[in-house]
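Structural characterization, general
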Amino acid sequence: MTDTKTLCACGSGANYADCCEPFHAGSEKAATAEALMRSRYCAYVRGQIDYLVGTTLAAVRTTDLWVNYKSTADSIQWIGLEVMSASQGGAEDKTGKVEFKASYIQDGEQAIHHERSRFRRSAGNWYYVDGVIEET
Ligand SMILES: [Zn+2]
């Protein structure tokens, strides 16, 4: 499936095919923690649960992770992503932090998920480790 004319859900302003699709397809690796974070948000929007699980650090993957991601993805409609800040997370770093706000609608109510996420780079791939939820 090619989506050459669809704006990427991560809010980059680029077309999906030129943005997160190569990461989802496995043909490219996210070079930075922020790029991985954006691609994970985009995967959430698109219901690509395997990608969410696969980009979670193996050491923190719980057995019910797939089911948890799936039920969240099914019950929430993500409507926008704003990356507030990113520190480290570059090509030479081992760890990175990204703070973001993701807007969503659940049960007819609009809300914002504000999180400071931690990422780790292992064998050239960035992985999500965990996050602290901030009050909005
Ligand atoms: Zn994207």
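The sections below set out a description of the structure shown in this document. (Residues numbered from 1 in each chain as written. Predicted model: local features only at pLDDT ≥ 70, side-chain atom pairs only at ≥ 80, totals over all residues. Heavy atoms only, no water.)

Moving on: the pairing of strand β1 (residues 77-88). In the sheet, β1 pairs with strand β2 (residues 95-106) via 10 bridges, with the strands oriented antiparallel. In the strand pairing of β2, G80 is matched with S103. Where β1 folds back on β2, the antiparallel hairpin that results is connected by six residues, among which G89 adopts a positive phi of roughly 75°. (Pairing = 2+ DSSP bridges. Helix = DSSP H or I, 4+ residues; strand = E, 2+ residues; numbered from the N terminus.)

For the rest of this paragraph, the subject is the coordination of the zinc ion. The protein atoms that coordinate the zinc ion are C8 (SG), C10 (SG), C19 (SG) and C20 (SG), at distances spanning 2.2 to 2.4 Å. In this structure, the zinc ion is surrounded by four donor atoms whose angles at the metal cover 101 to 114°, and the resulting shape is tetrahedral. The motif formed by the donor residues of the zinc ion, counted along the single chain, is C-x1-C-x8-C-C. (Donors = N, O, S within 2.8 Å, 3.2 Å for Na, K, Ca; no water. Tetrahedral: all angles 85-135°; square planar, octahedral: opposite > 155°, others 65-115°.)

This part takes up the environment of A59. Topologically, A59 is positioned in the loop between α3 (49-54) and α4 (65-75). Taking the C-alpha atoms as reference points, A59 and S39, separated by 20 residues in sequence, lie 20 Å from one another.

Across the sheet, four strands lie side by side as β1-β2-β3-β4; this open sheet has antiparallel pairing. A strand with exactly one partner marks an edge of an open sheet, and here the two such strands are β1 and β4 (125-134). Averaged over all pairs of adjacent strands, the angle between strand axes in this sheet comes to 25°, irrespective of strand direction. As paired elements, strand β3 (residues 109-122) and β4 share nine bridges and run antiparallel to each other. By the bridge assignment for β4, E115 is matched with I133. The strands touched by helix α2 (residues 33-46) are β1, β2, β3 and β4; relative to β1, the strand with the most contacts, the crossing angle is about 170°. (Axes fitted to C-alpha atoms, helices over the stretch in contact; angles between N-to-C directions. Contact = heavy atoms within 4.5 Å.)

M37, Y69, L81 and F119 are the most contacted members of the largest nonpolar core, which has 33 residues in total. Looking at this core, the elements with two or more residues in it are α2, α3, α4, β1, β2 and β4. For this core, the element with the most residues is α2, which contributes eight residues. In contact with Y69, other than residues within four places in its own chain, are R40, Y44, I49, L52, V53, T56 and Y128. (Core = buried A, V, L, I, M, F, W, Y, C linked by side-chain atoms within 4.5 Å. Buried < 20%, exposed > 50% of the residue type's maximum accessible area, 1.4 Å probe, protein only.)

On to the packing of aromatic side chains. In this structure the tally under the stated criterion is five aromatic pairs. Taking the centre distance of 5.8 Å and the plane angle of 70° together, the rings of Y41 and W78 count as edge-to-face. Highlighted residues: Y41 in helix α2 and W78 in strand β1, separated in sequence by 37 residues. Accessibility expressed as a relative area gives 4% for Y41, which makes it buried. Ring centres 5.4 Å apart and planes at 65° place the aromatic pair W78 and Y104 in the edge-to-face group. Here W78 is found in strand β1, whereas its partner Y104 is found in strand β2, with 26 residues between them in sequence. (Phe/Tyr/Trp six-rings, centres within 6.5 Å; stacked < 30°, edge-to-face > 60°.)

The topology assignment puts E99 in strand β2. Those residues in contact with E99, other than ones at most four positions away along the chain, are E82, V83, M84, S85, H114, E115 and R116.

Here the structure, examined in full by the defined rule, presents five salt bridges. Among the salt bridges present, the one from R38 reaches E34, with a minimum N-O distance of 3.3 Å. Of this pair, R38 and E34 both sit in helix α2, separated by four residues, roughly a single helical turn. According to the relative accessible area criterion, E34 is partly exposed, its value standing at 27%. Overlapping salt bridges bring together E99, R116 and E134 as one network. (Salt bridge = Lys/Arg side-chain N within 4 Å of Asp/Glu carboxyl O.)

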